[in-house]
Every structure is written in structure tokens, then in C-alpha cells.
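# Structure at a glance
The residues making up each chain are set out below.
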Amino acid sequence: MVRSTFARTALAVVALCASFGAAAQDQVLNLYSARHYQTDEALYADFTKATGIKINRVDADDAGLLARLRSEGASSPADVILLVDAARIIVADADGLFQPVKSSVLASRIPAQLRGKDDGLGSRWFGFSTRARVIVFNKATVKRDDVDTYEELADPKNKGKVCTRSGSHPYNLSLFGSMYEHLGAQKTEAWLKGVVDNMARAPKGGDTDQIKAVASGECGIALTNSYYLARLLRSEKPEDKAVVEKIEVVFPNQQSWGTHVNIAGGALAKHAKNREAGVKFLEYLSTNSAQAYFANGNNEYPVVPGVKVANPALDAMGAFKAELIPISVVGLNSIRVQQILDRVGYK
């Protein structure tokens, strides 16, 4: 009798330990991230500290992560996907790589135009930070009034002055998708043809390269995402300070529809094995502390209204009016714009 009781007790202890072991194993989040910013390490560490959930991370660019998800299918270990462009988010959503999340926290904190449409089951993706597509110009050779709208990039007065990175890069495709919504297909094509005609050189390099080309006089005008400029503004390197002294920035279209913004966003993977942890992580990214970190750590703009920012570079650039087109619409238009780029020769 004693031996039987002991055996039952031992079995109960084993079962209890197994239960705790399973619970511990559940405290894991498999994250596929296109955010290649070292400053995000503290963001992830803070989440683990607050929740006890360990993050296993796979880093690659947007295209690489999406290709991996498609090839892995239902066996994918991914729980959450972080991407840094609206067009890629929309394509991934259309391909069925995400699942809806019904969260009152996310629905109340993320503005409607910066998250996926809720068809009753929840949104399938959420924007957590934005970056403005701004115009920088050489203040010695270009007048601010000549570059305070995106339309003026195609104006003959700016012939031979414009520099951009590749037209098919997601950051440009997002802007062009926005212009498509504002102008329509025919006028957008004419506008893009005008931008090509005004180029100082063939598209090449990244956004920082465009800023430096303006400072050197190779170009008079360039497009860049705001956080690239903010990095230079915060830099203590003499060569970066020399660049900043020669340029100025414009938030375009302040008298019309506002400056275009793109998003970095996240979604719960279609076949997430750790769904609860994934939802907690997405909700965490909407907290004031995480939102402030996007701004102060990586020079991005928070999406949650009212979050206080302590970033001297963003402060120096000033407040601006952002456009309110739903990011989902911009993403769909970006796909349509690609054919126009081929026709006008925008490489």
C-alpha cells in the first residue's frame, strides 16, 4: 500500500515536472525579421525581460524572408514576421502568409490606415513605425520653393538635377504607389517620365548615397527616407557634418495631400506554432516604450498618437503633415507601377 502510494506520488511529480517543462518550452518566439538595425537588440531584450519569452531570430531582407516562408509552407517555424515596406507586406498578405489577429490593444493603438483591413476576424498585419519620403536639396544651387512638392521633381526647371536610387526599389515603389492614387495611372506615367528626363545620372546606390551626391554637387535634388537623413544629422563624424551643412530637407506637399510615409510592420505567420507569444510580441511593439524606441533608437516615427519622442534629429527636421492614404492601397498600387517604370525607362 505504501509502495503503491509512493508510486502514484512519483508519477504525479513526474507529470507535474513535464507540465512545467512544456510550459517553459512554450516561452519561445520564432521571429523572421527584415529589420537589420543593431539598435533593435535592446528592443527584443526588453520584450524577453518583460515576458520571459525568448526570441529566436532569423534575419534576411524582405524578399529573402518571404521566399523562405513560401518554401517552408506549413512546416515553417516562424511565429512573427517583421518587414520594412508596404508593397512587400501587401504581396505577402495576398499570398496567404499571414493570419488575422483580433486584438483590442492593436485595434485601438494602431491607426486604421496603418494596419490591414479587419474583415471581422482581425487585421492580418500592422504598421509599427513610419518613415517619411522626403526631398533633400543643395541649398547653394536649388531654391526650396522649386522642390516643395513631389510633382516638381518632374518639372523642366529641375532638369539635370535629380538623383534617386533604383526606381524598382521598394522605398521608391511605395512613393510611386502613393502618387498613382493621387494622380491616376496616366498622370503618374507622365510624372515618372518627367523624373527620368530630369535625372543628373542613372539611378544607383542607396538613400545615403543620394544625400551625399547632393552635398557634393553631383545632383541638386534627391529622394531619401527620413531616417537616413536623421542618422547623418546625429553623426559626430566630420565628413557627415560636412554633408549636412550643404543640404536642406523638405517635407513635400504640405499644402496638398501631405508627405508620403512608408511603414515597417509585423504580422503573425500563417502557421505560427507559438501564437500566444506572437500576439504578445505584436502588442508589445505598440506600447509607448517600444514606440519611443523606434523613434529614439532608429530615427523612425511612432505610429501610436501621442508618444513622446526624444530624438534631436527628428526634432531638427520638424513636424509635418503626413498623407492619410491607407497603406494597403499604396501597396497594391506599387505593384501596378512596376509596369509603368519599364515603359518610361526608370531603371
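Residues numbered from 1 in each chain as written. Predicted model: local features only at pLDDT ≥ 70, side-chain atom pairs only at ≥ 80, totals over all residues. Heavy atoms only, no water.

## Remarks on the state of the cysteines
- Across all of its chains, the model carries 1 disulfide by this definition.
- With a sulfur-sulfur separation of 1.6 Å, C163 is cross-linked through a disulfide to C219. When the S-S torsion is -65°, as for the bridge of C163 with C219, the disulfide is left-handed. Of the two residues, C163 is situated in strand β6 (residues 162-163) and C219 in the loop between α8 (207-216) and β7 (221-225); the sequence distance between them amounts to 56 residues.
- Looking at C219, the relative accessible area reads 4%, which means it is buried. (Disulfide = S-S within 2.5 Å. Helix = DSSP H or I, 4+ residues; strand = E, 2+ residues; numbered from the N terminus. Buried < 20%, exposed > 50% of the residue type's maximum accessible area, 1.4 Å probe, protein only.)

## Re empty space enclosed by the protein
- Inspection of every chain in the model, using the stated rule, returns 1 cavity of 30 Å³ or more.
- In this structure, the largest cavity occupies an estimated 40 Å³ of space.
- If you go around the largest cavity, the residues you meet are R35, L82, F128, S129, A264, G265, L285 and F294.
- Those elements that place two or more of their residues in the lining of the largest cavity are β5 (126-138) and β9 (261-269).
- Class assignment of the residues belonging to the lining of the largest cavity gives a composition of 5 nonpolar, 2 polar and 1 charged. (1 Å grid on protein atoms, 1.4 Å probe; cavity = no way out; pocket = protein on both sides within 12 Å on 5 of 7 lines; lining within 4 Å. Points joined across faces, edges and corners; volume = space filled by probe spheres on them. Nonpolar A, V, L, I, M, F, W, Y, C, P; charged D, E, K, R; others polar.)

## Comments concerning the pairing of strand β2 (residues 54-59)
- The pairing of strand β1 (residues 28-33) with β2 spans 6 bridges and is parallel. Across the sheet, the residue bridging to N30 is N56, located in β2.
- The parallel pair β1 and β2 is bridged by helix α2 (residues 40-51), and the resulting crossover is right-handed. (Pairing = 2+ DSSP bridges. Right-handed = clockwise from strand over helix to strand, strands pointing away.)

## Some thoughts on the side chain of N158
- Position of N158 relative to the elements: it lies in the loop between β5 and β6.
- Residue classification places N158 among the buried residues on the basis of a relative accessible area of 0%.
- Reaching out from N158, the side chain makes a polar contact with the backbone oxygen of D146 at a distance of 3.1 Å. (Polar contact = N/O pair within 3.5 Å; in protein donor to acceptor, adjacent residues only side chain to side chain.)

These results come straight from atomic positions and should not be treated as a statement about function.
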